[in-house]
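Fold and geometry: a report
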Amino acid sequence: ELKVEQNPLFLSMQEGKNYTIYCNYSTTSDRLYWYRQDPGKSLESLFVLLSNGAVKQEGRLMASLDTKARLSTLHITAAVHDLSATYFCAAGETSGSRLTFGEGTQLTVNP
Amino acid sequence: DTGVSQDPRHKITKRGQNVTFRCDPISEHNRLYWYRQTLGQGPEFLTYFQNEAQLEKSRLLSDRFSAERPKGSFSTLEIQRTEQGDSAMYLCASSWAGIQETQYFGPGTRLLVL
């Protein structure tokens, strides 16, 4: 059974700082996703990573995938308040299309 | 295209009542998913359809839950004899099956069972 773990679960950081969120998954997966969720809202797709070594960047966020280590990272560069949200990683099982989500990382960016 | 829509957005019901939620996917998407999310947790998979066929169901989906997608377009999720533990956000997502498949989520239906 595929399991996904994120850390940290809570992250408070100052504007302008850099930080990384880690996502580990337990078994082979051919797809890794990052989503953003604002309080009381639904999930917004950020990145989909499909192959070992894949790196994608959008603004101050950069996601990478290491399938050998079963690890994905979401790197935040020069954080701004607007990035405050909960970030989820999700892995797609190779045998089907369901996504298994991590618990989420609640990010707060302080002025 | 306005994205995935769900109705109602909020539902309050008494324990033992039946409730039904509707999801309208993005029009060209052939896959539709239901997830459940409780406070402070990530979404948990419930079931998914490709066109009108229900291809997978989670063991989380007890006999009280049923989902349909009669014409391969909109879908309904019914919960019979609701229990307080059913209180959660019910999320629908849709996608186009393919290598770059990405699931796009709707706004969710928040259910409170009293």
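This one's a predicted model, so the numbers in the text were calculated from it and none came from an experiment.

A few words on the interface of chain B and chain A. The partner chain A presents 18 residues to the 23 residues of chain B that form the contact. Carbon and sulfur atoms make up 47% of the surface buried where chain B meets chain A, a total of about 1,700 Å² over both sides. Considering only the side of chain B, the residues that lose the most area to chain A are Pro 43, Gln 103 and Phe 105 of chain B, jointly responsible for 23% of the buried surface there. Between chain B and chain A we count three salt bridges in total. Put simply, Arg 98 of chain A and Glu 56 of chain B hold a salt bridge, and the shortest N to O gap is 2.8 Å. In this assembly, chain B and chain A are joined by seven residue pairs in polar contact (both at pLDDT 80 or more). Of all the elements in the fold, those that place two or more residues in the side of chain B that touches chain A are β4 (31-37), β5 (44-50) and β6 (53-57) of chain B. Of all the elements, β4 of chain B adds the most residues to the side of chain B that touches chain A, at four residues. Residues that form the side of chain B that touches chain A fall into these classes: nine nonpolar, nine polar and five charged.

Moving on, we get to the sheet that holds strand β3 (residues 19-25) of chain A. Residue and element names in this part refer to chain A. Read from one edge to the other, the open sheet built from five strands follows the order β1-β3-β8-β7-β6, with strand pairing classed as antiparallel. Because the sheet does not close on itself, it has two edges, and the strands there are β1 (4-7) and β6 (55-58). Going from strand to strand, the sheet's axes swing by 15 degrees on average, the running direction of each strand aside. As defined by bridge partners, strand β7 (residues 61-66) adjoins strand β8 (residues 71-76) across six bridges and the pair is classed as antiparallel. Pairing of Met 62 across the sheet is with His 75, part of β8.

Criteria and thresholds
- Residues numbered from 1 in each chain as written.
- Chains lettered and ligands numbered in written order.
- Predicted model: local features only at pLDDT ≥ 70, side-chain atom pairs only at ≥ 80, totals over all residues.
- Heavy atoms only, no water.
- Contact = heavy atoms within 4.5 Å.
- Buried area = accessible area lost by both parts, 1.4 Å probe.
- Salt bridge = Lys/Arg side-chain N within 4 Å of Asp/Glu carboxyl O.
- Polar contact = N/O pair within 3.5 Å; in protein donor to acceptor, adjacent residues only side chain to side chain.
- Helix = DSSP H or I, 4+ residues; strand = E, 2+ residues; numbered from the N terminus.
- Nonpolar A, V, L, I, M, F, W, Y, C, P; charged D, E, K, R; others polar.
- Pairing = 2+ DSSP bridges.
- Axes fitted to C-alpha atoms, helices over the stretch in contact; angles between N-to-C directions.

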